[in-house]
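# Summary of the model geometry
The chain contents come next:
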Amino acid sequence: MNELKKLRDRISYGIVGLLWINFALIVIRNLVREQGVDWTMILATLALLVPATLLWTRDRTGATTRMVTSMANAATVAILVFAFQGSPLQIDTHMYFFASLAICAAWIDWRAIIGYAALVAVHHLLLYVAMPLAVFPGDSDFSRVVLHAVVLIVQSVVLIALTSAVVKAFDVSDQAVADAVAAEREAVEMADHVKRTDAAAEADRRNREAEKAREAEAVDYAVSELAKSLQKLAEGDLSYRIDSVFSGPLDELRTSFNTSVQKLEVVVSQVGQVASVLRNGTGQIGRANNDLSARSERQAASVEETASALSSVMATVKETASVADSVGKLVNQARTGAERSGTIVTDAVSAMSRIEQSSQSISNIIGVIDEIAFQTNLLALNAGVEAARAGEAGKG
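What this report covers is the structure whose coordinates are included nearby. (Residues numbered from 1 in each chain as written. Predicted model: local features only at pLDDT ≥ 70, side-chain atom pairs only at ≥ 80, totals over all residues. Heavy atoms only, no water.)

Glancing now at the overall build of the chain. In terms of regular secondary structure, the chain is built from 8 helices and 0 strands. Secondary structure of the chain in N-to-C order comes out as α-α-α-α-α-α-α-α. Counting across all 396 residues of the chain, residues that qualify as buried make up 22%. In the chain, the share of contacts with a sequence separation of at least 24, taken over all contacts with a separation of at least 6, comes to 66%. (Helix = DSSP H or I, 4+ residues; strand = E, 2+ residues; numbered from the N terminus. Buried < 20%, exposed > 50% of the residue type's maximum accessible area, 1.4 Å probe, protein only. Contact = heavy atoms within 4.5 Å.)

What follows is the structure, given as structure tokens:
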């Protein structure tokens with residue numbers, strides 16, 4: 001309803017201005033009429049206009065303002081008609097009711113139209129009964145009041161229908177405007193979203209490009225440092241290390257390179273130690289070869305001496321072999337004698353076994369004899385003891 005409110009705001013100046021135009025007309029009529037100025041009429045008009053104007057200044061388009069200003073317009077027209085009492089223009093002034101009602105319909109509010117029409121109807125009915133000349137000049141009857149009422153009702157119905165149509169039109173227009181505003185807002189939001197998306201995409205693209213540039217710079221730096229390190233390595237400097245930290249995963253390459261060079265340095269150091277040991281060993285082997293050569297010469301001389309000695313030994317061996325042959329014959333003879341001696345020894349061993357058994361039996365017999373002798377000795381001893389006792393007894 002923004003457009004309708006704007007229209008009412010503009011119309012409000014005309015409707016409130018019309019109130020003061022009516023007041024001016026009432027004042028002018030009082031100044032020119034034959035009966036003179038009626039200050040009560042003027043003050044009553046001011047009493048209507050001042051509150052209506054103050055209410056308008058506080059709320060230009062409110063529902064109460066619309067009702068009060070419309071009814072104030074109807075009242076000022078009624079006062080103007082009353083001011084023309086006794087004048088032939090009084091009946092013509094009634095036309096101002098319809099014109100003023102049409103002007104108040106510009107509020108586009110059916111309540112303002114009904115309020116205006118109700119006030120005019122009450123005014124006609126009351127004054128027709130109480131003061132007929134204040135409404136119609138000369139003789140008047142109720143049919144004139146009814147005619148005015150019918151015309152007023154018809155006009156009010158038409159104006160209400162028009163205002164309703166205008167309100168609906170404004171509603172449709174406001175809805176269309178609201179839809180358009182919503183669509184525009186949505187379009188603006190979408191455009192803003194697209195802009196933000198584009199800006200985000202652009203920022204992301206720039207970030208990626210910056211990241212790629214940083215990565216490329218980091219790769220270039222890493223390649224440069226590795227090239228410098230490999231140059232140092234090619235020159236034989238195994239103590240060189242890459243101290244500068246590389247960006248991101250490239251630092252693993254630096255760590256691997258430093259570790260590899262460190263291990264290479266250790267291996268080369270160990271190779272040097274092994275080479276030194278080999279040099280020492282080679283020297284020792286050389287000296288051992290020299291010693292071995294000298295010993296070989298001495299051994300060759302010894303071998304020659306041994307060969308000559310072996311020749312003598314071979315002769316001796318031959319002689320020994322002939323002697324051994326003779327000894328063999330003697331041994332055979334000794335073996336034959338030994339075999340015969342073995343038989344004799346076997347028989348002797350058997351005899352010795354039998355002698356041992358006989359000796360064991362003799363030993364047993366001797367043991368028995370010893371036991372018998374021991375017993376005999378005991379018996380003899382006992383007999384002597386008994387004899388001694390018997391002798392002592394005889395003596396007594």
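Now that the structure has been shown, we can carry on.
Of all hydrophobic cores here, the largest spans 23 residues; its most connected members are Val77, Phe97, Leu101, Tyr116, Val120 and Leu152. The set of elements that each furnish at least two residues to this core consists of α1 (2-32), α3 (63-83), α5 (95-104), α6 (110-130) and α7 (142-234). Examining the composition of this core, we find that 7 residues originate from one element, α3, more than from any other. (Core = buried A, V, L, I, M, F, W, Y, C linked by side-chain atoms within 4.5 Å.)

On to the packing of helix α2 (residues 39-58) against α3. Running from N to C, α2 and α3 cross one another at 165°; their axes reach a closest spacing of 9 Å. Considered as vectors, α2 and α3 are oriented roughly antiparallel to each other. Once α2 is placed against α3, the crossing between them reads as left-handed. Residues Met41, Thr45, Leu48, Leu49, Ala52, Leu55 and Trp56 of α2 touch α3, and the partners they reach there are Thr64, Thr65, Val68, Thr69, Ala72, Ala75, Thr76, Ile79, Phe82 and Ala83. Tallied by class, residues from the contact of α2 with α3 come to 12 nonpolar, 5 polar and no charged. (Axes fitted to C-alpha atoms, helices over the stretch in contact; angles between N-to-C directions. Parallel < 35°, antiparallel > 145°, perpendicular 65-115°, else oblique. Left-handed = near helix turned anticlockwise from the far one by under 90°. Nonpolar A, V, L, I, M, F, W, Y, C, P; charged D, E, K, R; others polar.)

Moving on, we come to α2. Here α2 contains 20 residues, and its C-alpha end-to-end distance of 29 Å stays within 8% of the 28 Å for a straight helix at 1.5 Å per residue. Taken together, the buried positions of α2 are Met41, Ile42, Thr45, Leu49, Ala52, Thr53, Leu55 and Trp56. All buried residues of α2 lie within an arc of 170° about the axis, which places them on one face of the element. Within α2, the exposed residues directed more than 90 degrees away from the buried face are Trp39, Thr40, Leu43, Ala47 and Arg58. Of the surrounding secondary structure, the elements contacted by the buried residues of α2 are α1 and α3. Regarding α2, its N-cap is aspartate 38, as a side-chain oxygen of that residue lies 3.3 Å from the backbone nitrogen of threonine 40 further along. (Expected span 1.5 Å × (residues − 1). Arc of directions from axis to C-beta. Polar contact = N/O pair within 3.5 Å; in protein donor to acceptor, adjacent residues only side chain to side chain.)

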